[in-house]
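Coordinate analysis (summary)
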Amino acid sequence: EKAEWMTTTCNHALYAIVDVFTQYFDVLSPILLKELYTQLQWCVQQDNEQLARSGTNCLENLVISNGASLSPETWDSTCECLLQIFHSTLPHALLSWRPRHPGEQVVGQQQHQQQASLASRESRQFSGLLIRCVVQLELIQCIDNIVFFPTTSKKEDQHNLALAQAPDDPGISGGSTSGIQSESEDRGMYRYLSSEQLFTLLDCLMASHSFARSFNSNHDQRNLLWKAGFKGSVKPNLLKQETQSLACALRILFKMLADSSRDQDWPQVQERLIGVCRSGLEYFLSLPESHRDAWTSLLLLFLTNIHKMPHEQFQAHASNYYPFLCEIMCFNLTPELRAVLRRFFLRIGIVFSITHPSIPHRNSTSSLASNASISITGYGSTGHHHSSKSVNEVENSSIITSSANAHVMENGGPANDVFIEDHMSVAVKKPHTAVANAIKVPQQS
């Protein structure tokens, strides 16, 4: 009865309360905002998936709708609330779970009763852990939506993929920001957050990322959970949590480093950014190929933003990442990643005065355009005839390949693994297999 009440009455009442609170925010905020945060935090911590999701969504809607009216002190309490929710919903038991065994040997009906009771307890524990995994993803998306406004990051990923597929453009190497960000930056809450508050949100994201990395690297524990029947016939993983938390953290750090109004914080921002990127690249080099596939959009985000930096910043970052990126060149990469890596190394030659001035810069996008053209032409093999795209049409066709790349980011990963979050009742819909295969850009050795 309690679970049914949480899913129905409590869930509907929660949205109604937040709607009323938003309508009369100026009057109610000084009196009840802290109590509302406490109530939302309680909802997110319940072992009820629908209520936990609703609590996160209501918190996001409340902050986005009223963020412009929040005082610095209220923003402090808001960020602290998010930090507490992050820490309280990390599924720590995933790393420490061990199968339980009866303390003494019994036979007959009593043995069956103990086994049934043990199975019931494990089922409830697994269900609670799964809900916490889903809540972590919801909280990561909540921070991204609050800081940058919903859909902004998705559009940026599509923009980064289009840049990787397009012919070389000297204009993108001078530190200019993308049009996607400028269109939505006034709608996000970034400009209302102080640097310290943004650092608090970064602590949330990096804690979530570190936990996911620890779990994904612990193959023995994952095998143990798999054999215990932890939701699925294949090994569980937290690839979405690992990549999406780091992607959001990188967006915030790159945004702060490009913000001239925060120039007094640039040394601290740059130090944190270099530390995060070096750690991520070192970890990436240790991954098997099936795991590396889930990092494609993340690497495009990283390399594209590095390439946009002015020369002085680029020089500081390139010197830290150069050996790691040299190693990455040995991997079997997508054409898009090869293209952005090529631009990175070409710019190193200019910034560090390695390239002789007499050597002209040469555009080299024929192989990338050819691969994109082949993938689009291959889509016509299902029964419809399509002509190959020209180089100038590749960027316009990026919506197709970016959808495939986004699918890798959301649903990619080891073929023999299963995303823990995908077993919950609200799952991401996967595109038709034939279409997904048709739009995939072929890899080259």
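Remember, predicted model here, so these are calculated numbers, not experimental data. (Residues numbered from 1 in each chain as written. Predicted model: local features only at pLDDT ≥ 70, side-chain atom pairs only at ≥ 80, totals over all residues. Heavy atoms only, no water.)

**A closer look at the nonpolar core**
If you look at the biggest cluster of nonpolar residues, it comprises 92 residues, and the most contacted ones within it are Ile143, Val147, Leu250, Ile252, Phe302 and Leu325. Examining the composition of this core, we find that eleven residues originate from one element, helix 11 (residues 239-257), more than from any other. Setting aside its immediate chain neighbours within four residues, leucine 325 contacts Leu281, Phe302, Leu303, Leu341, Phe344 and Phe345. Of all hydrophobic cores here, the second largest spans 13 residues; its members include Leu94, Phe126, Leu129 and Phe215. (Core = buried A, V, L, I, M, F, W, Y, C linked by side-chain atoms within 4.5 Å. Buried < 20%, exposed > 50% of the residue type's maximum accessible area, 1.4 Å probe, protein only. Helix = DSSP H or I, 4+ residues; strand = E, 2+ residues; numbered from the N terminus. Contact = heavy atoms within 4.5 Å.)

**Digging into the confidence of the model for the protein chain**
Of all residues in the protein chain, 72% have pLDDT values of 70 or greater, and the mean over the chain is 80. Scored below 50 in pLDDT, residues 170-180 makes 19 contacts in the model with residues more than four places away or belonging to other chains. (pLDDT = per-residue confidence, 0-100.)

**What to know about helix 12 (residues 266-285)**
In this model, helix 12 (20 residues) spans 28 Å end to end at C-alpha, consistent with the 28 Å of a helix rising 1.5 Å per residue. Listing the buried residues of helix 12 in full gives Val269, Leu273, Ile274, Val276, Cys277, Gly280, Leu281, Tyr283 and Phe284. On the buried face of helix 12, the contacting elements are helix 9 (195-217), helix 11, helix 13 (289-292), helix 14 (296-307) and helix 15 (311-328). (Expected span 1.5 Å × (residues − 1).)

**As for the packing of helix 2 (residues 25-44) against helix 3 (residues 49-66)**
Running from N to C, helix 2 and helix 3 cross one another at 155°; their axes reach a closest spacing of 9 Å. The orientation of helix 2 with respect to helix 3, classified from their angle, is roughly antiparallel. Both helix 2 and helix 3 take part in a crossing whose hand is left-handed. On the side of helix 2, the interface is formed by Phe25, Leu33, Leu36, Tyr37, Leu40, Trp42, Cys43 and Val44, while helix 3 contributes Leu51, Ala52, Gly55, Thr56, Cys58, Leu59, Leu62, Val63 and Asn66. Considering only residue class, the contact of helix 2 with helix 3 consists of 14 nonpolar, three polar and no charged. (Axes fitted to C-alpha atoms, helices over the stretch in contact; angles between N-to-C directions. Parallel < 35°, antiparallel > 145°, perpendicular 65-115°, else oblique. Left-handed = near helix turned anticlockwise from the far one by under 90°. Nonpolar A, V, L, I, M, F, W, Y, C, P; charged D, E, K, R; others polar.)

**Quick word on the side chain of asparagine 320**
Following the sequence through the fold, asparagine 320 ends up in helix 15. A polar contact is formed between the side chain of asparagine 320 and the side chain of arginine 278, at a distance of 3.0 Å. If near-sequence neighbours (up to four positions away) are discounted, asparagine 320 is found in contact with Ile274 and Arg278. (Polar contact = N/O pair within 3.5 Å; in protein donor to acceptor, adjacent residues only side chain to side chain.)

**Overview of unusual backbone geometry**
Here phenylalanine 149, not a glycine, exhibits a phi torsion of approximately 85°, which is positive. With respect to the secondary-structure elements, phenylalanine 149 resides in the loop between helix 6 (109-148) and helix 7 (152-165). Among the residues examined, phenylalanine 149 registers a relative accessible area of 18% and is labelled buried. Of note, the phi angle at serine 353 is positive, near 55°, even though the residue is not glycine. Structurally, serine 353 can be placed in the loop between helix 16 (335-351) and helix 17 (366-379).

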